Amino acid sequence: MFELKYHTPFEWTHKVMDDFVTFLQDHAAAEKKASGMAMSMLGHYPDRTKLVKAMADLAIEEMIHFKQVLKLINERGLALGNDKQDPYIKKMRGLFRQGSDEFLIDRLLVAAVIEARGHERFSLVAEALPEGKDKDFYVAIAKSEEKHKNLFVELGYEYFAKDVIDARLEEILIAEAQICESIPFSAALH
């Protein structure tokens, strides 16, 4: 449906593979926060029936992903770890505009771009991992993120004019590319 403007180089995976446990802990935190974001959206827009249903389903799916990552962490004999502030998410949230329609449009489209970035980076992780259950898991997670990116844009089209959504999505994609270029690589999803 849309393409990211910045493409993460495969070298990013070196940081991830060098500290895979930290990456897993960050991934778990990201899934937990994604579930919370979906719950927040359905709570803020109870009159938008399609959005409420989609966000309820998404919240459950993201929490299932959280449990799956938690299992990978626990299998390594490790704890979940503390949530850390995600500079990428903080900068992406800085793109939100004021005004009820503008804010909803931006929430949907920023979420779409974040999911697209997750798809890209989880695909890179899957490519870097050796054959086995971890690789299979990241292949599946990447496919899920791709569906989510499209879901948020489709919800935008449901409630707003296509040209409005497309124009704002382009602006957000350009800003997101600049954000990605400004953040050094680490053993984290973003």
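For clarity, every value in this text was computed on a predicted model and none was experimentally measured.

Chemist: Which parts of the structure should I look at to understand the pattern of salt bridges?
Modeler: As a working rule, side chains carrying opposite charge can pair if their charged atoms are close by. Applying the stated criterion across every chain yields a total of 13 salt bridges. Residue Lys50 pairs with Glu158 through a salt bridge whose shortest N-O separation is 3.4 Å. Placement of Lys50 in helix H3 (residues 49-75) and of Glu158 in helix H6 (residues 133-159) is noted, with a sequence separation of 108 residues between them. For Glu158, a relative accessible area of 40% puts it in the partly exposed group. Salt-bridge contacts for Glu171 lead to Arg168; the nearest nitrogen and oxygen are separated by 2.8 Å.

Chemist: Would you mind showing me how to read the nonpolar core here?
Modeler: A general tendency of soluble globular proteins is for nonpolar side chains to be buried together. Counting 39 residues, the largest nonpolar core has Phe2, Leu51, Met55, Tyr88, Met92, Val113 and Phe152 as its most contacted members. Elements that contribute at least two residues to this core include exactly helix H2 (20-44), H3, helix H4 (87-93), helix H5 (100-128), H6 and helix H7 (162-182). Ranked by residues supplied to this core, first place goes to H5 with 10 residues. When neighbours within four sequence positions are excluded, Phe2 is seen to be in contact with Ala112, Val113, Ala116, Lys149, Val153, Leu169 and Leu173. By size, the runner-up hydrophobic cluster in this structure holds 20 residues, among which are Trp12, Leu24, Val69 and Ile73.

Chemist: Got a minute to help me understand H7 in this structure?
Modeler: The periodicity of an α-helix, 3.6 residues per turn, causes residues three or four positions apart to be oriented the same way. Spanning 21 residues, H7 covers 30 Å between terminal C-alpha atoms, matching the ideal 30 Å at 1.5 Å per step. Listed in full, the buried residues belonging to H7 are Ile165, Arg168, Leu169, Ile172, Leu173, Ala175, Glu176, Ala177, Ile179 and Cys180. Looking at the packing, one finds that the buried side of H7 touches H4, H5 and H6.

The rules behind these values
Throughout, residues of each chain are indexed from 1 in the direction in which the sequence is written. Only residues with pLDDT of at least 70 are given local features in this predicted model, and only at 80 or more are side-chain atom pairs given and counted; all residues enter the totals for whole chains, interfaces and linings. Think of the side-chain values as coming from all heavy atoms in the structure, minus any hydrogens and water. A carboxyl oxygen of Asp or Glu within 4 Å of a side-chain nitrogen of Lys or Arg is what we treat as a salt bridge. Helical segments are the DSSP runs of H or I of at least four residues, strand segments are the runs of E of at least two, and each set is numbered from the N terminus. Burial classes: relative accessible area under 20% of the type maximum marks a residue as buried, over 50% as exposed, and values in between as partly exposed (1.4 Å probe, protein chains only). Buried Ala, Val, Leu, Ile, Met, Phe, Trp, Tyr and Cys residues form a nonpolar core when they are joined through side-chain atoms within 4.5 Å. Only heavy atoms matter for contacts: two residues are in contact if any of them lie within 4.5 Å across the pair. Under the convention used throughout, the expected extent of a helix is 1.5 Å for every residue step, that is, one less than its residue count.

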